Every structure is written in C-alpha cells, then in structure tokens.
Amino acid sequence: MGKHEHQPLELLPGTLDLLILKIVARGAMHGYGIALMLKTASEDVLEVGESSLYPALQRLLLNGWVTAEWGASENNRRARFYTITAAGRKRLAVERADFERMVGAIQRVLQTT
Amino acid sequence: MTRFFRRLQYWMHRDRMDAELAEEMEFHRSMLADDGRPAAMGNRTLARENARGVWIWPWLESLWQDAVYALRTMRRQPGFTLTALAALGLAIGVNTSLFTIFNAIALRPWPVAEPSRVVTIDRFTREGGSDFGIAEYRYLAQNSKSFSGMIAMRNGERVKLGDRALPLTYVSGNYFAVLGIQMERGRGFVAQEDVTGAPAAVVVISHDLWENLLGGDPRVVGRTIRLDDVPFTVVGVTPADFISADPLRNLVWTPLAARQLLRPNDPSVEKWLAAADSCCTPIAGRLARGVTRRAAQAELAILVDRFREQNRMSRQNPRIVTAGTAWIESPRKKRQVVPTMVALFLAVTLVLLLACANVGNLLLARAAARRQEIAVRLSLGGSRMRLVRQLLVECMLLALAASALGLTMAMALPAAILERLAPDQIIHIAPDRNVLIYTMAVATLSCLAFGLAPALHGTRAGIAGALKGGAGAEGPTRRLSLRSALLAVQVAISVTLLVNAGLLVRGIQRAQRLDPGFDVRNTSVLSIDLPASQYTGPRTKQLTSALWAQLERSRDLPAAGLALNPPLSNATYSTSFQLTGRPGSPRLHIYANEISGGYADALGMRLLAGRNFVPEDAGRDVLIVNQAAAKRFWPGEDALGKTAVANARVRQIVGIISDTYTNDLTEIEAVIYFPATGSWGAPAVVVRDRGAATLDRIASLVKQMEPRAEIRAATLAASFDRKLQPSIYASELAGLLGLLALAIASVGMSGVFAYVVGQRTREIGVRMALGAQPSQIVRLVLGSSVHALAGGLVFGVAGAAGISALLVNALPGIHPLDVLAYSGVVLLLMAAVTVASAVPARRATRVDPVRALRWE
C-alpha cells in the first residue's frame, strides 16, 4: 500500500555531533539546511527537532569544531552558516572511526551469537 | 582552557547570543513554513534553554538569578534587612572577636621560621612536670643530635628603664638564631655573649620599645641604655610584628648569663646558672631535618640521665614530651583557664543562637507575607526545591553581609577588650586566616539555623489554600507554634545571660562585704623597692631591723608593722615544716611570712595566745602560727610553747594569731610567721591609716634610712578590689551580652505581637464590635505568647542555675540561687515585654471593627 509508516528513530546520543560535522564538512550550511540534509540523506528515518539540533550546534561551537557566521540564505533571508574547522575535521575522523568500530562490533555479536 | 574562555565570552555577550539564537530559530521556522511543513518541532523555550545550558552551567546561572532576586527583595524591604543585619552582624561580630583573641593567644604557634619544626620540651617525672636547669640545658644543647638548636628562656623580673618598669626575658645566646627571627636592625645574640660567669651586657629591644621609649633613634644599635641602673648595649631591634613566644612579654631580652649583672649580690642567681640541680627554666628546640619527635624525646631522656650521672645525681628516668608551640598544645596548660574560655564561648554562642532565632522569626513572617507569590509559583510547576534554594540563597547573602560586619567589628573590638583587661601590655591582635575560616563556618551554620526551617515551612504544599486570599487562611495557632518556639528560645537565652550577670554582680557585692580576717577598709601598704644591684643581703637585714626599731619607737604613729608579704599581694612564700617530737611526721610545705610586732595591730588581727614579736626576736628561733595551723598540727592541745622544724631550724611557738585569707578570697590556710629579719627581701610596711599624712611620714622615715629606696603606697582596699577584678570583668561582659540579647529578643517579641495582631485583625474587629474593652484586647494579644514567654523564662532560669553552678569555683562569692538576682531579671523581662508590646497593643486597640469585618 504505501511505505511502511515507521516512527522516526531516536538518534543514539553523540552520533548527532558526528552527522552534523560530516554534513558541514562538505560546505557551509545553515541550521535548516542541516536538518533537511539529515532528513533526506537518511530517507526520512532521521528527523531531528530544533530542541536537539540547536543545542548540538552550540556544543560544536563551544568545542571549536565549527564556526558560525551570519550571511544571506538562498531566498535572501538572514541566516547563520556553520563551517567546519581544522579541529572539527580531526574530530570528525576520530568520531567516525569510533562509530564504525562500534557498529562493527555490534554486527559481529549479532552474527555470531 | 580555551573552552573556558569561550564560555566567558559567551557570558559577557549572553543577551546578544540569546537574541541571535532566537533569530536563527525564527529563520528555521519560516523556512519550514515555506516548505509547507508544520512547525511541530517541539518546545521552543526548552530548546533555547538547552542551548544556553551548553555554555553556562545551568546551576550557576540559576544561582546567579537567585542572588540577584534576593538582593532586589532585600532592597525593597529595608526595615527587615537592616534589623536582620544588625542582629546577626552584632552576634557574629562578638563571636568572631572572641575567636580572634583565642586564636592569637592559644591557637597560633610561635611566629618564627618554620614553626612546625619548633617544639617545646617538658620533662615529667613521678613528682610531676618540671622545666630544666641551665647547666642541664647547656649540656643537652651541646650533646643532642636531634635538634639543630635548643634554646632556653626565662621570664625575668621587671627592670627599670628610665621611669618605666618593663618585663624582661632572659634567653639563651642562640635564641634569635634558632627561631629564625630577622632583626629589623642590628642582630640577635651570639653564643659567646651568653657564657655563665662571663656575661656580656647586651640587650635586644622590640620595635615598639624602640619607637616609644627611645624615640626611634636611627643610631640605636650600639647605644647604651641603663636597666636597673646597669649599662647595657643595644645590639638589635626585633621587627614590628614580632610578638615573641609569649605575647605578653615582648619588649626586652638579655642573655641568661647577664642576670648576674642585674643581680650581682643575689647568690641564688649563680646557683640558678651553674648548679646541676637548679630548675625552672623552660626550654625548646628546632628539630633537625628528618628527626621525629619520638626520636628526639628518647634521645633527650638518655642525655638527661647521663648528665645526672656525671653530676652524681640519682637516675631520674624522665619522660620527655615535645609539643607544638601553640599554647593549646602545651602539656601543662593552666587548667583554670579552660573553663573560663568555655564559659565565654558558650555565652557568645548563645547570643548568636538568639540572633538566628530572631532572624528566623523575621523570615517566617516574610514567608507568610509572600504566601500568595509562593503559592502561585508552586502551582505553575515550580519545583519546591528550587524555591527552598532561592530562600536559602537569600539567607546566605544575609549571613555573608553580617559576616562582613562581624569581621569589621573583629578588627577593633579584640584590641579594645584586651586594652581594658591588660592595659600595660602591647599585644598585636588582628584577624588572620583561621579567623576568616571560623567566621565563614559560623555564617554558614547560622544561615542554615535560621533559614532552613522558615524556607521549608514557608513552601509547604498546603499553601495552596493561600490562593484563596485573606488573612487567617490557616488557623493562626498552628502557624504560630514555630514562631512561638523561636520566641521562647530568644527569651530563654536572654534570661540565662542576664541571670548570670546578676549572680556575678551579687557575688561581687557579697565578696566586697566579706571579712577576710583583717581590716581592709582602713589599712594601707607601702612597698619598698631597693635598688637590687646595690643591695646585699646584710644591708637589707640592717634596714629591716632599723625600720622595725623606728616603728616601735614612734609613739604618735597609728599601728604599723612590717611584713615580707603584705596581704592580698600576688606572691606567696612557703617553706619546709616538720613537727618535732613526733617520729614519722612528714616534711611539708607551708605558707610562711615574716612580720614585725606591730603587724597584727596594724591589720586588726587578734592575738589569741602568747605574745607578738619584739625586735629582739629577730635573732631568736621563734615562731607565731595562725589558728588554722594550731588546730591542724596540735589538735586539742595548746600550741603555745611547742616546737617545730621550720626552714631547717628548730623554733618555738610564742604566739597564736587569728586566721586570714592569704591571697585568694576562698580558702583559709595554715600559715606560720617568722620575725622580720629581711633575709628574704625588703619588707613592706602595713599601717592602719589611709591618710596621706601618715603615709608620707612613714615614707620619709624609710627614705632617711635609705635615700635610694622607692616607696609605693596603696590602700588595701585597692588590692582587694583588684582581686575581684576578674569577677567584675565577667559581670560586665555577661551584663552587656545579656542586655544585647534582651534588646534583640525584644525586637523579636515586638515582631511576634505585631504578627498576631495582623493575623487576628478580623477576630479583634468582631470582639470590639461585640463590646470588648481595650484591656481585654491587649490581654488577647499578649495571651497568645504567654506560653512561649513562660517557657522561655523557665528554661532560661534552669540554664542560668546550671551555668552558675560551674562558675562557683572560678569566682568568689557566687551563690547559684540568689533570689534577688533571679527576681531582678524577671522584672526586667516583664519590662521588656511591656515595651515590646506597646506599639502592637495600641494598634490592636485602634482596629476599626467596621473595616476589619468588611474584609470578608
């Protein structure tokens, strides 16, 4: 009949930072754009609300992994654009490696037991 | 670290950051709307708060908010704030001042380099604790490996510098070096200046002395000053803040050996310096690197016995104890001081408790007034813990402000108190880190004490009823119980302090009327100071017998006599005493005095048997004993004519005189009297007259015989009053604290009465409409607190009786159940209640029944 109506899944804590970093690594983006990219790239599985997104972005700012600047959006509205920093790229690599190790381990356990 | 700086930057621009975030999220929503998707994205406020929470620890921010709110509330109610600050500030100030004094005198170690390595050394044997002899000390200092340096010090007599008499301290040559004192000018002593038998006439003076008595002379080092008329060279000046090992003796130091220069004709000095078995000099030392106290103690015990062996003395097997230099660590503390200290601390703590109860009551009243605000906040979902925390933050701010006031008081008050108690000492007292920590602790505890209960009480869930508005929403009696309890506490504390003050005052009155066994009112004492450096034993004896003969001859003088030790002086003499003709009777120590024939008459004492001394007795072995001695040693017999060995000679008893109080006013002891020979020192003249004419005549009599004598005349009444001085101070202190307590409690009482009037305005209106008289209304208002007041009175009286039972031994004349004192305080309390209730009672009687009833 249609697509299976899945409830949007809860993101594992800590992975949101990883995903945001990966998204802005490709280029500067504003908050709405990041949320949109997340939704489409995950085929509607991951939907993040503003009460999780913006605190996450602030956290990335606090740690110096992204910088933010006001600019003009596609439709000429004022928006804040986030860009990844060098430290952010390093962090991205580390978190990605950790994540893949974690996933690999979970997979192995599921397959062998 | 960088994260911290980023946080700081965020904090500084937090409003702008907040606005930017809001704008950003607004943009997000508008984009969502453009895309046709509903903005069901959750709680915006929560998002903003979470975002902020990333930068600023939320607890810190809410704490800051609480503090700002608290300050605003306090500013809006200046009456409450000032009253609370005043009560708390005074109470904390008194507390901190006392601790400052205690800290300076008892808790601080010597102000020397590395004080933890410096220890006092005490010796304990079967007979008790004792100090060391100087020859012994020098042996130990030389041979001990556990100490990098050992010092000895001995408090000396007062010496005259110009026209001032200063307390002198004798110290070993290495004193300043071992303690690591950096001299302000010049240097300390060196070992060569402290050689027994070859002393150097050198002196170190304090900064205060240099400034005040020597005029801050820039060339003071090398200058010669005369102590007791003996020239000494100043070699150094101690720094201005050096308060020395004994804060009451910090003016003048000379080497131990130099005592021979000051007392050349005193044979006991040489003995003190050189004999192996001399005693009574305290020593201390700086532990060598890596040496423990136990090791040092063991080594010294061995060395002491080796010294004794070398000097053909018996083995002692002493127990050597080293201790820190703070007074409180000393193993031989004076036991009498501790109860006084405890009593003082108890008193000021009580005042603090009272202030806390007072502020607590004020806070309860305020919480009651803010009932509606609190109810609204609770109903909107505010957490009770958060509210309680906010109230506590208010209390903490109050406590901190009061501590600041208290610390300010503690800068000035301790010095003022000490100046009153010991006016001729220079003591440097100032709050230090310990005092600060103590004050913070006191403030925190007070805050919890007065703030916690009202905070919990005022935020109870049942407060929802308050939303309906109107006074008396809850039964007045229930809410009043906590306030009544606090009131009772305040009354109890005030009563305790005031009753104790009253008991002390009555005790002093009783002590002043005491009959010490001699006539206090009409007698004077002339003390004779002979220049010690020029007076030898034989010359003193000559003077004494000449004086005795002169007094005997003068027919137109009122009764006068000589005494080595006049009554109520602070010295006591004792000597060995053993009965003859009774084998096995022990050798005791007994109080002794030297008197002439006119002594008993001069003091109004009675001769009970035998005769008084005559001048010829000075060459005979005779004794007079007092009645207590006669009853103790010859019970049931006539002591007259009996013999005893006193001071190593057999003497015969020729007279018995009445008992007197010797030095303190609490006990009668057995005393024996020798005829005045002057062998122990120059006597004082006791005369039965207060008139200046007589005193001048006697003074000129003495001066004729010895022009260089210094005569000081004082009435016995003055010495008597001086003995009572501690009691007088105590009563002043207790009285002031008690009045302070009562004042604070009265303000508290007034508050409670006003509250009751406010609570029961409607009820009062109804009663007045029904024709009640004003007096009935007043009785209604007071009646609500009668239980609290009565309870407080009962507890206060019980507490006072308990405390005074402790004081009985410390101060003379106190009778714990003195009716006059208790009734006086009850009257005072009733007066306070009357005053406190005046304004609220009037307001109660002025209630307009119509208006009160209309507020339905």
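Here, the structure is the one placed above.
These figures come from a predicted structure and were not determined experimentally.

Counting secondary structure elements, chain A contains 4 helices and 3 strands. Of the regular secondary structure in chain A, the N- to C-terminal order runs α-β-α-α-β-β-α. Burial statistics for chain A: of 113 residues in total, 28% are counted as buried. Summarising the internal contacts of chain A: among those between residues at least 6 apart in sequence, 54% fall at separations of at least 24.

Residues and elements named next belong to chain B. As defined by bridge partners, strand 4 (residues 164-171) adjoins strand 9 (residues 252-255) across 4 bridges and the pair is classed as parallel. Residue T169 lies in a different strand from strand 9, and its bridge partner there is W253. Direction of pairing for strand 6 (residues 202-205) relative to strand 9: antiparallel, over a ladder of 2 bridges. Looking at strand 9, one finds that I205 is bridged to V252.

Once that is clear, we can look at unusual backbone geometry. Residues other than glycine predominantly adopt negative phi, and peptide bonds predominantly adopt the trans conformation. With a phi close to 55°, E43 of chain A is a non-glycine residue in the positive phi region. Along the chain, E43 of chain A turns up in the loop between helix 2 (31-41) and helix 3 (50-62). Since 8 C-beta atoms lie within 10 Å of it, E43 of chain A is described here as exposed. Notably, N647 of chain B is not glycine yet its phi reads approximately 50°, a positive angle. Counting through the fold element by element, N647 of chain B comes out in the loop between strand 18 (643-646) and strand 19 (649-657). Judged by the 16 C-beta atoms lying within 10 Å of it, N647 of chain B falls in the partly exposed class.

All names here are of chain A. Compared with the 39 Å implied by 1.5 Å per residue over 27 residues, the 39 Å span of helix 4 (residues 86-112) between its first and last C-alpha is a close match. Looking only at helix 4, the buried set comprises G88, R91 and L92. At its buried positions, helix 4 is contacted by helix 1 (15-25), strand 2 (66-72) and strand 3 (78-84).

Below, the discussion takes up the sheet that holds strand 1 (residues 29-30) of chain A. On the basis of which strands lie adjacent, the open sheet formed by 3 strands has the order 1-3-2 (chain A) and antiparallel pairing. The open sheet is flanked by strand 1 and strand 2 of chain A, the only strands paired with a single partner.

All names here are of chain B. Listing the buried residues of helix 13 (residues 371-379) in full gives I374, A375 and L378. For helix 13, the angular spread of buried residues about the axis comes to 100°, placing them on one side. At its buried positions, helix 13 is contacted by helix 14 (384-421) and helix 15 (433-458). Immediately beyond the C-terminal end of helix 13, within one or two residues, lies G381, with a positive phi of roughly 100°.

Analysis parameters
- Residues numbered from 1 in each chain as written.
- Chains lettered and ligands numbered in written order.
- Predicted model: local features only at pLDDT ≥ 70, side-chain atom pairs only at ≥ 80, totals over all residues.
- Helix = DSSP H or I, 4+ residues; strand = E, 2+ residues; numbered from the N terminus.
- Buried ≥ 20, exposed ≤ 12 C-beta atoms within 10 Å, placed from the backbone.
- Contact = placed C-beta atoms within 7 Å.
- Pairing = 2+ DSSP bridges.
- Expected span 1.5 Å × (residues − 1).
- Arc of directions from axis to C-beta.

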